[in-house]
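Structural features, examined
What follows is the residue order along each chain.
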Amino acid sequence: MRADNYKITQYSVSSILGYVENSQIAIPEIQRPFVWKGEEVRALIDSLYEGYPIGYLIVWQNSQVRVRNFGKGGTKKILIDGQQRVTALMAALLGKEVLDEQYQSHRIRIAFNPLAGKGEERFAVCDTKHEEDSRWIPDISIFFRRDFSFRQFEKEYKEANPDEDFTPLEESVDTLKEIVKHQVGVIELSFLLDIDVVSEIFIRINLQGKPLNQEDFVMSKISVNEQYGGDYIRNCIDYFCHLLREPSFYQVLLQNETEFFNSEYGKALTWCQNEEQSLYIPSYADVLKVVLISYFGKTRIGDLVHLLSGRDGEKKIFSKKEISKKVSEEAFEKLGAGVKAFVCEENFQGFQKALKKAGYSCSRLLYSQSVLNYCYAMYLLMYRQGIGEKERESLLSKWITMAMITGHYQSGGESTVQKDYANAQEEGFASYLAQIEELKLTDEFYNNILPEKFTSTTARTAPFLAYVATQCARGVHSLYSDVTIEELYKNKTESYQILPKAYLAKCGYKTREIYGQVANLTYISKETKDIIRKKSPVDYKEDLEKAIGIEKICTSLKENGLAETIFTANETDVIQILADRRRQMASEIRDFYKTL
């Protein structure tokens, strides 16, 4: 970047905070909520107190970028880099509340010990300990109030700490108050620079902090293009993701974003205010990825940046003639349609229903966010194809079960997703799924391949999660109990070894490959655990019969895919018992799949 595109100026901390309070420096929508922890705020204040530099801020004067709470920028200087530092100073010195990543308002109070000696802590994130210790001032913002009186403070502080040496008191307080005179370097970008250049600067300089990525960049591209409704699209994505985490924030948004909530994008979010905890909680990056797949048939965010910029093709460098307003307009139109489809109550709730139909009734059962994104993209593709809600639910529940037990996305990832999109578009989703079933869900798969997957010793494998999901969907009761598997799994109950490790060791099987395989795992209630503990089946059988009866034991074994032979097994039967259960688990999934 040429030197005439920027200049460097020094401002005091006090001046910068004043400019922010008076809206002369504003925070743009291309930045994020306050993400610093309290300890980072404390470290910043300590650096200023010691006279250390705190890094440059970067501002840009531009009248078109939307800024938080202020509409367009006007003659304001837009803070491009330094949001976290400036917000931390506003919070610590001026007592301002901050919005966290969940859009919750809260205070960050920095405590101060003016009598701290060498090697003692001078600043701390305030907690109960600091509030109860009279040597500590719980909140340094009191020193920066206009009505602060040192003599009144000194009098009260000495009365609260009669046995202390107050020699350093005045100097410590003066040094703290002087930090607002600390000079901070500000790089001022020329108003002649366009948003592409500024966004690129924004991404590069933030790579040293919380990493930014292409999703951050594309959000900035979307936000500034008001001509094609980019500001509304961006807000729709952002507010939707936050409302899923904190529905009560809807009323705050409604009061402050009247114009947006009168738009079609805002009205599409009305239902979020009553939303209960969702299984699928996407980030703004997830929204972009899903829409990119389902409406553009692409997986690389860079492709979306090109299209939104009016560039169509794989080239890295485009001439001005190759940059088309029509391409940009069509991309924004398609993006807007995709975002509205993503946040639509019928679609989003329908996707949740499909997950639950397949047995994924709690977040613990969900294998990965990427798989959820891919599956929701397929759901929205079905929506675009005009497939009815009930059929979408059925097809998606089959799709995610198929993907989980076959490892559909395991090797191909994004290339598999693009192939799915192309084939489902050409042949229709239902027809394409039928082809996959014929190709992958064969007798060989259910009789040999899937059972072999249950030799894994990791309970977080997709096939085992799929098996537990089928148990949840079918309402299977836990072993020897009336409590369901679903209830235990939701309550994060630990898995239990059907043939305990100690028993298998006595039988000569001491390796994890035997005692730890998922075919040897189930979930039991606390009451059942108190009866059987870690005994072998033959050792707990008598106590169990007394507690629940022979009939109930037989019923429970059958429901959990186990044979009564576990009570008479010896060392020669162990391998066969586990092999039989692996086949039974695969058979249960096969039967369940047919009902979807």
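Here's what I pulled together on the structure shown here. (Residues numbered from 1 in each chain as written. Predicted model: local features only at pLDDT ≥ 70, side-chain atom pairs only at ≥ 80, totals over all residues. Heavy atoms only, no water.)

**A few points about the overall build of the protein chain**
For the protein chain, the count of helices and strands is 29 helices and 13 strands. Within the protein chain, the fraction of its 596 residues that count as buried is 53%. The long-range fraction of contacts in the protein chain, counting pairs at least 24 apart against all pairs at least 6 apart in sequence, stands at 72%. Accessible surface computed for the protein chain: about 28,400 Å², of which carbon and sulfur atoms make up 47%. (Helix = DSSP H or I, 4+ residues; strand = E, 2+ residues; numbered from the N terminus. Buried < 20%, exposed > 50% of the residue type's maximum accessible area, 1.4 Å probe, protein only. Contact = heavy atoms within 4.5 Å. Areas by Shrake-Rupley, 256 points an atom, 1.4 Å probe, with all protein chains shown as cover.)

**Observations concerning the nonpolar core**
It is characteristic of soluble globular proteins that their nonpolar side chains tend to be buried jointly. Of all hydrophobic cores here, the largest spans 108 residues; its most connected members are Leu 269, Phe 342, Tyr 360 and Trp 399. Counting residues per element, this core draws most heavily on helix 17 (residues 369-384), which supplies 11 residues. Beyond its immediate chain neighbours, meaning those up to four positions away, Trp 399 contacts Cys 375, Met 378, His 408, Tyr 409, Asp 420, Phe 429, Tyr 432, Leu 433 and Ile 436. (Core = buried A, V, L, I, M, F, W, Y, C linked by side-chain atoms within 4.5 Å.)

**Some words on the side chain of Asn 560**
With respect to the helices and strands, Asn 560 occurs in the loop between helix 28 (550-559) and helix 29 (574-595). At 3.1 Å, the side chain of Asn 560 and the backbone oxygen of His 477 are in polar contact. From its side chain, Asn 560 meets the backbone oxygen of Ser 556 in a polar contact 3.0 Å long. Apart from the residues within four sequence positions on either side, Asn 560 is in contact with Tyr 467, Gln 471, Val 476, His 477, Ser 478, Leu 479, Ile 485, Thr 522, Arg 581 and Glu 588. (Polar contact = N/O pair within 3.5 Å; in protein donor to acceptor, adjacent residues only side chain to side chain.)

**Brief notes about a positive patch on the surface**
Taken together, the side chains of Lys 501, Arg 512, Lys 529 and Lys 534 make up a positively charged region of the molecular surface. Counting through the fold element by element, Lys 529 comes out in helix 26 (residues 526-532). (Patch = residues over 30% accessible without salt bridge, like charges linked within 9 Å, V, L, I, M, F, W, Y side chains within 5 Å. Salt bridge = Lys/Arg side-chain N within 4 Å of Asp/Glu carboxyl O. Lys, Arg positive; Asp, Glu negative; His and termini not counted. Charge placed at Lys NZ, Arg CZ, Asp CG, Glu CD.)

**Re the packing of aromatic side chains**
Where two aromatic rings form a pair, the distance of their centres and the angle of their planes describe that pair. Under the criterion given, the structure shown has 40 aromatic pairs. Between Tyr 228 and Phe 332, the ring centres sit 5.7 Å apart and the planes meet at 45°, which makes this aromatic pair tilted. Placement of the pair is Tyr 228 in the loop between helix 8 (214-224) and helix 9 (230-245) and Phe 332 in helix 15 (residues 325-343), with a sequence separation of 104 residues. Ring geometry for Tyr 480 versus Tyr 540: centroids 5.8 Å apart, planes at 70°, classification edge-to-face. One end of the pair, Tyr 480, is in the loop between helix 22 (462-474) and helix 23 (485-490); the other, Tyr 540, is in helix 27 (residues 537-548), with 60 residues separating them in the sequence. On the basis of relative accessibility, which here comes to 3%, the residue Tyr 480 falls in the buried class. Members of the aromatic cluster, joined through ring pairs, are Tyr 49, Phe 112, Phe 123, Phe 143, Phe 148, Phe 150, Phe 153, Tyr 157 and Phe 166. We note Arg 364 situated over the ring of Tyr 489; from NZ or CZ to the ring centre the distance is 4.0 Å. Stacked on the ring of Tyr 295, the Lys or Arg Arg 384 has its end atom at 4.4 Å from the ring centre. (Phe/Tyr/Trp six-rings, centres within 6.5 Å; stacked < 30°, edge-to-face > 60°. Lys NZ or Arg CZ within 6 Å of the ring centre and 35° of its normal.)

**Notes on a negative patch on the surface**
A contiguous patch of negative charge on the surface is contributed by Asp 312, Glu 329, Glu 330 and Glu 333. With respect to the helices, strands and loops of the structure, Glu 333 is situated in helix 15. For Glu 333, a relative accessible area of 60% translates into the label exposed.

**So, unusual backbone geometry**
Despite not being glycine, Tyr 480 shows a phi value in the positive range, around 65°. Even without being glycine, Lys 492 reaches a positive phi, approximately 60°. Position of Lys 492 relative to the elements: it lies in the loop between helix 23 and strand 12 (496-497). On the basis of relative accessible area, Lys 492 is assigned to the exposed category, the value being 62%.

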